[in-house]
Amino acid sequence: MKRRGLFLLALAILVVGLAGGAAIYGLGEEPEPQAYIIVGDTAYPVDPASSKTYQRSLQRYGGKMAVVFDDINRWIAARFQGKELGITVAAASVVAAVVLYALARLLDR
């Protein structure tokens, strides 16, 4: 009975997670750019943290590891905004469902 309950729980997590991830992805909006560069009559969005001036001053005050940690921090923060959040939720539900499914298979033996 425990095995069947874990299989059903894995299926429920998978279905709810994928549906929630799809809903978040469909309704999510991309974050607004924080800065623009104007060339001629056209404005192009840019990330101020990717500028050479920012990278150089960050490296000057914190070293190369500060630049690496800043890049990692920005990458992780981007996974929890807008459409990327939907992908993160869906991926987390797939991982959780696979772990529960594997656990149920182990209990079967």
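Anything mentioned here points back to the structure above.
An account of the accompanying structure is given in this report. Predicted model, so just to flag it, every value in this text is computed and none were measured.

## Things to note about the overall build of the protein chain
Scanning the protein chain for helices and strands turns up four helices and two strands. The buried share of the protein chain, taken over its 109 residues, is 14%. The contacts of the protein chain with a sequence gap of at least 6 include a subset with a gap of at least 24, amounting to 60%. As displayed, the protein chain has an accessible area near 8400 Å², and 66% of this comes from carbon and sulfur atoms. Between the averaged position of the 12 positive side-chain charges in the protein chain and that of its 9 negative side-chain charges there is a distance of 14 Å.

## Some details on helix H1 (residues 2-27)
Spanning 26 residues, H1 covers 37 Å between terminal C-alpha atoms, matching the ideal 38 Å at 1.5 Å per step. Buried residues of H1: Leu6, Ala10, Gly17 and Gly21, and no others. Check the buried side of H1 and you find it contacts helix H4 (83-108).

## Some details on the pattern of salt bridges
Evaluated as defined, the whole model comprises two salt bridges. A salt bridge links Asp70 to Arg74; the shortest N-O distance between them is 3.2 Å. Remark: Arg74 and Asp70 occur in helix H3 (residues 64-78); sequence separation between them is four residues, near one turn of the helix. Since its relative accessible area comes to 14%, Asp70 is described here as buried.

## Some words on a nonpolar patch on the surface
Together, Met65, Val68, Phe69, Ile72, Trp75, Ile76 and Phe80 line one region of the surface with nonpolar side chains, adding up to about 740 Å² of accessible area. The class for Val68 is partly exposed, based on a relative accessible area of 37%.

## Examining the packing of aromatic side chains
One pass over the full model with this rule turns up one aromatic pair. Residues Phe7 and Tyr101 carry aromatic rings whose centres are separated by 5.2 Å and whose planes lie at 50° to one another, so their mutual orientation is tilted. Taken together, the residues span a long stretch of sequence, with Phe7 in helix H1 and Tyr101 in helix H4 at a distance of 94 residues. Looking at Tyr101, the relative accessible area reads 40%, which means it is partly exposed. In this arrangement the basic side chain of Lys83 is found over the ring face of Tyr25, its NZ or CZ atom lying 4.8 Å from the centre.

## Brief notes about the layout of surface pockets
If a probe as big as a water molecule is rolled over the atoms, it shows which places are left empty. By volume, the largest pocket amounts to about 450 Å³. In terms of lining, the largest pocket is formed by 14 residues, of which the most central are Pro31, Gln34, Asp47, Ala78 and Gln81. For the lining of the largest pocket, the element with the most residues is H3, which contributes three residues. When its residues are assigned to classes, the lining of the largest pocket shows six nonpolar, two polar and six charged.

Reading the values: rules and limits
- Residues numbered from 1 in each chain as written.
- Predicted model: local features only at pLDDT ≥ 70, side-chain atom pairs only at ≥ 80, totals over all residues.
- Heavy atoms only, no water.
- Helix = DSSP H or I, 4+ residues; strand = E, 2+ residues; numbered from the N terminus.
- Buried < 20%, exposed > 50% of the residue type's maximum accessible area, 1.4 Å probe, protein only.
- Contact = heavy atoms within 4.5 Å.
- Areas by Shrake-Rupley, 256 points an atom, 1.4 Å probe, with all protein chains shown as cover.
- Lys, Arg positive; Asp, Glu negative; His and termini not counted.
- Charge placed at Lys NZ, Arg CZ, Asp CG, Glu CD.
- Expected span 1.5 Å × (residues − 1).
- Salt bridge = Lys/Arg side-chain N within 4 Å of Asp/Glu carboxyl O.
- Patch = residues over 30% accessible without salt bridge, like charges linked within 9 Å, V, L, I, M, F, W, Y side chains within 5 Å.
- Phe/Tyr/Trp six-rings, centres within 6.5 Å; stacked < 30°, edge-to-face > 60°.
- Lys NZ or Arg CZ within 6 Å of the ring centre and 35° of its normal.
- 1 Å grid on protein atoms, 1.4 Å probe; cavity = no way out; pocket = protein on both sides within 12 Å on 5 of 7 lines; lining within 4 Å.
- Points joined across faces, edges and corners; volume = space filled by probe spheres on them.
- Nonpolar A, V, L, I, M, F, W, Y, C, P; charged D, E, K, R; others polar.

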